[in-house]
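Fold and contact review
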Amino acid sequence: MLSLPAARADETTAKAQLYAIGAGNLRNALDALAAQSDVQIVYSPELAAGKTTQGVSGRFTPTDALKQLLVGTGLTWKTVNDSTFVLVLSAVFHQAAVEPATRNVSETPKTLNVVNVSGSLIGNAAIQTATPTYTLTAVDIKERGFNSVAEVLQNSVLATGSVQGPQEAGSFTQGAQPVSLFGLGPQFTLILVDGKPVANFGRLYNGTINFTSVSNIPIAMIDHIDVMPGGASSIYGSQAIGGVINIVTKSHMDGGDVSVRTGHFSDGGGANQRVSFAYGHDFGRLNVLAAGEFDNASPIWGYQRPLTVGSNSGPGGVGAPSVQTGIVDYGTITTYTGNPLGYVDPPAGCAGNLFGGSTALATSGNPSQPGQYCGSRKLDGYTTYSNQARNYDGMLKLDYRFNEHVRLYSDALLNWQQQRWFPGVPAWFPDDLPQGAIEDASTGHFLYPEKFFAPEEMPGGAAGQMYRQDDLLYQVDVGANGQWGDSGWNWDLYYLRSGDRTKVVEPLSIKANIDNFFNGMLGPVVGVDPATQLNLYNPNYKAFFQPITPAQYASFTQGVGEFSNTWINNTRATVSNAALFDLPGGEAGVAALVEGGNEAWYEPVNPLFTQGDVFEHAETGGGGQRSHVASAFELNLPLFKLLTIDLSGRYDHYALDEGSNNHKFTYKAGIEYRPIDSLLLRGNSTTAFKAPDLSSIFLGPTDYYTTITDYYQCALAHSTNCGPIYQYGVQGTSLANRKLQPTVSQSWTLGTVWSPSDDLSLSLDYLHIAIQNEVVQQSLDMLIQVDAQCLLGQLNPDSAECLAITNAVNGQVRRAGGNGPVSGITTYYANLANEVTKSIIGSARYHFVLSHVGSFSVQLDYNDMLKHDYQLAAGQPPIDSLANPEYSNEFKSIVSGSLTWTSPGGQWTSTLYGHRYGPSPNFTAANNGTGYPGSGHVSPWITFNGSVSYRPVRNLELSLLVNNIANKMPPSDPTYVSYPYFNNENYNVYGREIMLQADLKFGSAAR
């Protein structure tokens, strides 16, 4: 980067002059200094990317003015002559030798000054450009209005996959925030903080998968975030298949800053506040950086948004009221068809004070199910779509210069977070009673009573019955690094401990208590029908339709606690030499590491669940640990001036006390070719792996009920249509598998970067990822098909595969009498599935200055998924995830862009950020397939965020930020006929958010 003067450089002098350069973006300030001083300032764009300055005001010489601008940036300069200065990194110690990070290294093809690099073991290697790296700085994060790390990452154009989160009512992980790159599961993205692994979230995604949540990583402590797509196991080990996200926190300050933000949403709910501080100082040989953050946010309820207020907010307009209390009539033994025949009318009307006074007598709109019930159009709106949250964060970084060759360091990051949410109003049904229904002794009618509890019936209302999650995340390391004299060899040694402890308390109904309560309300059991085995009652219909009191509700509910604990222990030693020997293109670099430790996951199941005491609530659990050792190397070889090769390899070994050990060698080869200075051609080929999740190894037995198609009975009947007559419900059990092997993958990229000028950079990359032996639950339908093939002799019935399935005692498919209907199923985790993704990733950056108007920066990022195929098992036809909406609702394309303007003096800054999600399948397509009438796609979802910042003085910045300026709701879907009327894994109903923020710097950082 060359900041050009407004006049000839040889006309400059070193005389003092008056400067008025405002605080803000460092690059803009350097441009202003060059213009006002008539000097040249030469620097790599990466050195200034994301950095801010406190500006300079007063009379200074050019060198003194430059010195003021660079305070707290970690940069200094070398003087070429009186009018030319070259910026370089300051000699800041504790530059980690492993998993360092750079700024936007993918966007320039020039060989620049030495910097630290994400994805490299060579701490002082030249910039690695063989692998694309996409960077978002703290300044970018603020200007685009992002409130959390989850918002930052889920807005990445690489995050095309649908994920569960706070909007997924009733999910296992409503208090977590996962990330899905390229439509792959969150378990295939490796999350790092400062290049070091973060412990997994304790609860399981979908009840089956270990993953890392980013919901409790403090955003105000972030310096920048690097996202590296594709495999990276040769550097980082397990899990780095879809990509690596390195969240880099602040590392050095001289002075301090305080930031205060407050915000609210136009449609209500979600009011939030944030206060953060950071202070750093050099105390002789000791450098200290301390930071803290407090966040608070109110929940957003469904009833606060027009789209989710209730059953009358769907695309069809006013809908039928949701059942609050009703009794479904299935007729008598002579009229029973299996389908509801109507409702039992409430004998004394309905309680009109429930659900905010919205409960009323409703008439069924279904001609085949006549009758009346008590209904409410606001019932469904009592669900949270954004959690109530409170965070307390702390960070401490210590560096001590023991001598000129050795530095000691320790880093600690701590987050305590409490979240609350409400997954929807609970209900009672007679499912636990014999045959799941009751019988009126006087009429012989089979009845199914159902009651949804209103907030007015709960102690404290809905807010008093919210689920609560307390989560403690910590990461602590202690280590030393340095050099062996003047040999050029660097070393780094550290011990890391990271952990996550989560406790969730859910107000749940206790089965015996709630069943007894309603048994008492319906009346005593007067007998059992010998023909149906249904309990006989003389129901008190009037009492059933009346509201209950909060005290009665409390009599059958209690807070049920669930606890999980995960941790990582790791000790690592690294040696590196960035200039081991000379090659025609420059100095060759080498690095090697060895590491060892263990990891654990424990989620014991509350005895109330194991004993079946909780009403209508599923839960999973288990736990165990394993040890891990690894070694790795990297070579950076500039063979010629135009050609550089980067090679790395790593061996990992995982060991269990009982079960199969896992080991894997992975490698990576990258190439950089520069035919001209402004053009880079790059590519890499890599292998990667993921060790089996601890949950897939140690998960306890999980019972479930499901519907199967009995292909064996269908074949015995010589039927050509194995339709509903051969479909019935069975009980299954899911088991872990201690003999699992690693999931493996291969990926390669091919791309180019063109930078015809220092202010323009264009990049385009193709990424291919192929995954094999993915660990998944066995497909029930496939298992039943193979069972039929074994029993029919189409497969050898005496083979090990068939015996494992058909054994009448302990086979996976057990049948009554050996070959009758299926009586039970057992499924395991197994290495079965395969996936392939192909994508095109493009990026453009342009910076320009208009005289008397200011400077402008334009950024555009694009990702188009060309292919995503998923294969349930070898030999099965692949599923096109981009074209089969019944399997996946992921986005095919995402585009984002920003335009930033900075005034000539740097006093004003404004950013407009836009984000476009491509079309996604509509509700009909997702449920019935592409060929079904009405199937199609919803329109692209386009939102804009805007921010304006003003600096009245050089150490104070005031900002107004508006997210979703147009208050856009999810794209309209006329086919979405059931609540919540939008795809809550792809979109949100938050709407417009308005925020105010003040940032104050003090001490040396404010100069």
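So, how was this worked out
The residue count restarts for each chain, going from 1 along the sequence in the order it is written. With pLDDT at 70 or above as the cut-off, local features in this predicted model cover only qualifying residues; side-chain atom pairs require 80 or more to be listed or tallied, and sums for whole chains, interfaces and linings still use all residues. In computing side-chain properties, one takes all heavy atoms of the structure into account and sets aside hydrogens as well as water. UniProt positions are given in the numbering used here, feature names are shortened, and annotations may be inferred rather than shown by experiment. Comment: elements are numbered from the N terminus, with helices defined as DSSP H or I runs of at least four residues and strands as E runs of at least two. C-alpha atoms define the radius of gyration in this analysis, and the globule rule sets the expected value at 2.2 Å times the number of residues to the power 0.38. Think of it in three bands: residues with accessible area under 20% of the maximum for their type are buried, residues over 50% are exposed, and the middle band is partly exposed, with areas taken using a 1.4 Å probe on protein chains only. Whether two residues are in contact is decided by their heavy atoms, any of which lying within 4.5 Å being enough. Here the accessible surface of atoms and residues is derived via Shrake-Rupley with a 1.4 Å probe, and residues count as covered only by protein chains that are part of the display. Cysteine sulfur atoms that pair up within 2.5 Å are treated as a disulfide. Aromatic rings from Phe, Tyr and Trp, with only the six-membered ring used for Trp, were paired whenever their centres fell within 6.5 Å, and each pair was classed as stacked if the ring planes differed by under 30 degrees, edge-to-face if by over 60, and tilted otherwise. Counted as over-ring charges are cases with an Arg CZ or a Lys NZ within 6 Å of the ring centre that also lie within 35 degrees of the ring normal. Only when DSSP finds a minimum of two bridges between them are two strands counted as paired. Grouping buried Ala, Val, Leu, Ile, Met, Phe, Trp, Tyr and Cys residues that are joined through side-chain atoms within 4.5 Å yields what is termed a nonpolar core. What a helix is expected to span follows from its residue count: subtract one and scale by 1.5 Å. Nitrogen and oxygen atoms within 3.5 Å of one another constitute a polar contact, given that in protein one can donate a hydrogen and the other can accept it, and given that sequence-neighbouring residues count only through two side-chain atoms. The term salt bridge refers to a pairing of a side-chain nitrogen on Lys or Arg with a carboxyl oxygen on Asp or Glu at a separation within 4 Å.

- The name an unreviewed UniProt entry assigns to the protein is TonB-dependent receptor, from the organism Dyella lipolytica.
- As stated in UniProt under Sequence similarities (unreviewed entry), the record for the protein gives "Belongs to the TonB-dependent receptor family."
- In UniProt, the protein has this text filed under Subcellular location (unreviewed entry): "Cell outer membrane".

Some remarks on the overall build of the protein
- Across its full length, the protein carries 15 helices and 52 strands.
- A globule of 1007 residues ought to have a C-alpha radius of gyration of about 30 Å, and the protein, at 31 Å, matches this closely.
- Sorting the 1007 residues of the protein into buried and exposed places 57% on the buried side.
- When contacts within the protein are restricted to residue pairs at least 6 apart in sequence, those whose partners lie at least 24 apart make up 71%.
- Accessible surface, the protein: about 38,700 Å² in total, of which carbon and sulfur atoms supply 57%.

Re the state of the cysteines
- One pass over the full model with this rule turns up 3 disulfides.
- Residue pairing for C714: its cysteine sulfur links by disulfide to C722, the two sulfurs lying 2.0 Å apart. Taking the sign of the S-S torsion, -90 degrees for the link of C714 and C722, the bridge is left-handed.
- You can call C714 buried: its relative accessible area is 1%.
- Residue classification places C722 among the partly exposed residues on the basis of a relative accessible area of 25%.
- Between the sulfur of C790 and that of C802 lies a disulfide, 2.0 Å long from S to S. With the S-S dihedral at roughly -80 degrees, the linkage between C790 and C802 falls on the left-handed side. In this pair, C790 sits in helix α13 (residues 780–791) while C802 sits in helix α14 (residues 800–806), placing the two residues 12 residues apart along the sequence.
- Once the bonded cysteines of the protein are numbered in order along the sequence, the disulfide links fall as 1-2, 3-4, 5-6.

Re the packing of aromatic side chains
- Summed over the entire model, instances satisfying the criterion amount to 43 aromatic pairs.
- Ring centres of Y917 and W941 lie 6.1 Å apart, and the angle between their planes is 15 degrees; on these two criteria the pair is classed as stacked. Taken together, the residues span a long stretch of sequence, with Y917 in strand β47 (residues 908–917) and W941 in strand β50 (residues 941–953) at a distance of 24 residues.
- Under the relative-accessibility criterion, Y917 is labelled buried at 11%.
- Ring-pair connections join several aromatic residues into one group, and the members of that group are W428, F453, F517, F518, F544, F545, Y553 and F556.
- Across from the ring centre of Y494, 4.8 Å away, lies the NZ or CZ of K196, which sits over that ring.

What to know about the sheet that holds strand β10 (residues 189–193)
- The strand order β9-β12-β13-β10-β11 describes an open sheet built from 5 strands, whose pairing is mixed. Two strands lie at the open edges of the sheet, namely β9 (134–137) and β11 (196–197), each paired on one side alone.
- Both β9 and strand β12 (residues 222–229) contribute to a ladder of 4 bridges, which runs antiparallel. Residue pairing across strands places Y134 opposite V227, the latter belonging to β12.

So, the nonpolar core
- I225 and I247 are the most contacted members of the largest nonpolar core, which totals 53 residues.
- Secondary-structure elements contributing two or more residues to this core are β9, α5 (149–154), β10, β12, β13 (243–249), β16 (286–297), β41 (760–777) and β47.
- Looking at this core element by element, the count peaks at 4 residues for α5.
- In this structure, I225 is in contact with Y134, T135, L136, I141, V152, L153, I245, N246 and I247, ignoring residues within four places of it in sequence.
- Formed by 42 residues, the second largest nonpolar core is a distinct cluster that contains V323, L433, A462 and Y541.

Some details on the environment of D703
- Structurally, D703 is set in strand β38 (residues 702–709).
- Residues D703 and L795, spaced 92 residues apart in sequence, show a C-alpha to C-alpha distance of 29 Å.
- The residues contacting D703, other than those within four sequence positions of it, are Q731, G732 and T733.

What to know about helix α7 (residues 511–522)
- The first and last C-alpha atoms of α7 sit 16 Å apart over 12 residues, in line with the 16 Å expected at 1.5 Å per residue.
- Within α7, burial applies to I514, D515, F517, F518, N519, M521 and L522.
- Residue G523 follows α7 closely and has a positive phi angle near 110 degrees.

Some details on the environment of L1000
- With respect to the secondary-structure elements, L1000 resides in strand β52 (residues 993–1002).
- Sequence separation between L1000 and A351 is 649 residues; the distance between their C-alpha atoms is 55 Å.
- Contact partners of L1000, with chain neighbours within four places excluded, come to G256, D257, V258, N955 and L956.

Quick notes on the side chain of R626
- If you trace the backbone, R626 turns up in strand β34 (residues 622–640).
- Here the side chain of R626 touches E599 through a polar contact of 2.8 Å, side chain to side chain.
- A distance of 2.7 Å separates a polar side-chain atom of R626 from the backbone oxygen of P692.
- Here R626 is in contact with G597, N598, E599, Y654, A655, L656, A691, P692, L694 and I697, once residues within four sequence places are set aside.

Quick look at the pattern of salt bridges
- Scanning the entire structure with this criterion turns up 23 salt bridges.
- When the shortest N-O distance is used, the salt bridge between K250 and D257 registers 3.8 Å.
- You can call D257 buried: its relative accessible area is 9%.
- Taken together, the shared-partner salt bridges connect K142, R951, E957 and D999 into one network.

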